[in-house]
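Summary of the model geometry
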Amino acid sequence: CLFKYYLDQYTLMHGPLDDGALDTLTRAAAPLATGVNVRLSEWPQSYAAYEQRWAATVPELAIDPVVRQEFESLSNLTFLGEAWGAVGYALARIGGPAYQFMTRATLPHEFRELMGWDWTPLALRGIGRDISKSTNTGARTWTASTPSAM
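Residues numbered from 1 in each chain as written. Predicted model: local features only at pLDDT ≥ 70, side-chain atom pairs only at ≥ 80, totals over all residues. Heavy atoms only, no water.

Observations concerning the confidence of the model for the protein chain
Predicted confidence across the protein chain gives a mean pLDDT of 83, with 80% of residues reaching 70 or more. When the elements of the protein chain are averaged for pLDDT, helix α9 (residues 121-134) gives the smallest value, 58, and helix α2 (residues 19-28) the largest, 96. Of the regions scoring below 50 in pLDDT, residues 134-150 engages in 46 contacts with residues more than four places distant in sequence or in other chains. (pLDDT = per-residue confidence, 0-100. Helix = DSSP H or I, 4+ residues; strand = E, 2+ residues; numbered from the N terminus. Contact = heavy atoms within 4.5 Å.)

What follows is the structure, given as C-alpha cells:
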C-alpha cells in the first residue's frame, strides 16, 4: 500500500513515469514492503508483476474498526493530540480538516470505500482545480477513482 501511495502521489504531482522507472522503483521498494509484511521472495521484480499482485490483492482487503480508527486519526491529525497534548490538539483543529480532505482526495477509491468515506462530484472538481493550480504538470482529468486511474 505504501508503494502504491508513493507512486500515486508522484504521478499526481509530476505526471506518469515510464516503464523503466516503474520497474526500477518496484525493485527499490522491496525493503519498504519487506519491512511491513511481505517476504522478499514474494516482492515483484517488475511493475507489471506488481500491478498483477495489486489487482489480485485489493478485492481481498478489509479494514477492521480498530485499524480504521487509527487511520482516521492519521488522516485528521488527531494523533498529534495524543502525542503532544494541547499543542497537538490545536494543530489538529487547525490543519486536520484540510489534511483529511487531501488524504481522502488522493486515496484510491477502493480505500475510500473501505474507510467508509464518501467522495462527491463537488469535492472531485475542487481537488482537481487545486492540484492543477499547484503543479506545473497542467490540468488533470479527475475521475471517481483518481489518482489510481492515472
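Thoughts on helix α4 (residues 47-57)
Buried within α4 are the following residues: Y47, Y50 and W54. In a view along the axis of α4, the buried residues occupy a sector of 50 degrees, so they form one face of it. Of the residues in α4, the exposed ones pointing more than 90 degrees away from the buried face are Q52 and A55. Contacts from the buried residues of α4 go to α1 (2-14), α2 and α8 (109-115). (Buried < 20%, exposed > 50% of the residue type's maximum accessible area, 1.4 Å probe, protein only. Arc of directions from axis to C-beta.)

Regarding the nonpolar core
Across soluble globular proteins, nonpolar side chains have a tendency to be buried as a group. Judged by nonpolar contacts, the single largest core of 17 residues is most densely connected at F3, L7, W43, Y47, Y50 and W54. Sorting the residues of this core by element identifies α1, α3 (30-36), α4 and α8 as the ones contributing at least two each. No other element matches α4, which puts 3 residues into this core. Beyond its immediate chain neighbours, meaning those up to four positions away, Y50 contacts F3, K4, T26, W43 and P44. (Core = buried A, V, L, I, M, F, W, Y, C linked by side-chain atoms within 4.5 Å.)

Side note on the packing of α2 against α4
As a packed pair, α2 and α4 sit with axes 8 Å apart at the nearest point and diverge in direction by 65 degrees. Accordingly, the angle class assigned to the pair α2 and α4 is roughly perpendicular. Two secondary-structure elements touch here, α2 through L22, D23 and T26 and α4 through Y47, A48 and Y50. Among the residues making up the contact of α2 with α4, the classes are represented as 4 nonpolar, 1 polar and 1 charged. (Axes fitted to C-alpha atoms, helices over the stretch in contact; angles between N-to-C directions. Parallel < 35°, antiparallel > 145°, perpendicular 65-115°, else oblique. Nonpolar A, V, L, I, M, F, W, Y, C, P; charged D, E, K, R; others polar.)

Focus on the environment of A92
The residue A92 is located in helix α7 (residues 86-106) in this model. Separated by 17 residues in sequence, A92 and S75 place their C-alpha atoms 9.9 Å apart. Apart from the residues lying within four places of it in its own chain, the contact partners of A92 are N76, L77, T78 and P97.

What about the pattern of salt bridges?
Overall, the coordinates contain 3 salt bridges when judged by the stated rule. K4 is the salt-bridge partner of D8, the closest N and O atoms lying 3.6 Å from each other. Here D8 pairs with K4, and both are found in helix α1, just 4 residues apart, close to one helical turn. Comparing D8 with K4, the two get one shared label, buried. (Salt bridge = Lys/Arg side-chain N within 4 Å of Asp/Glu carboxyl O.)

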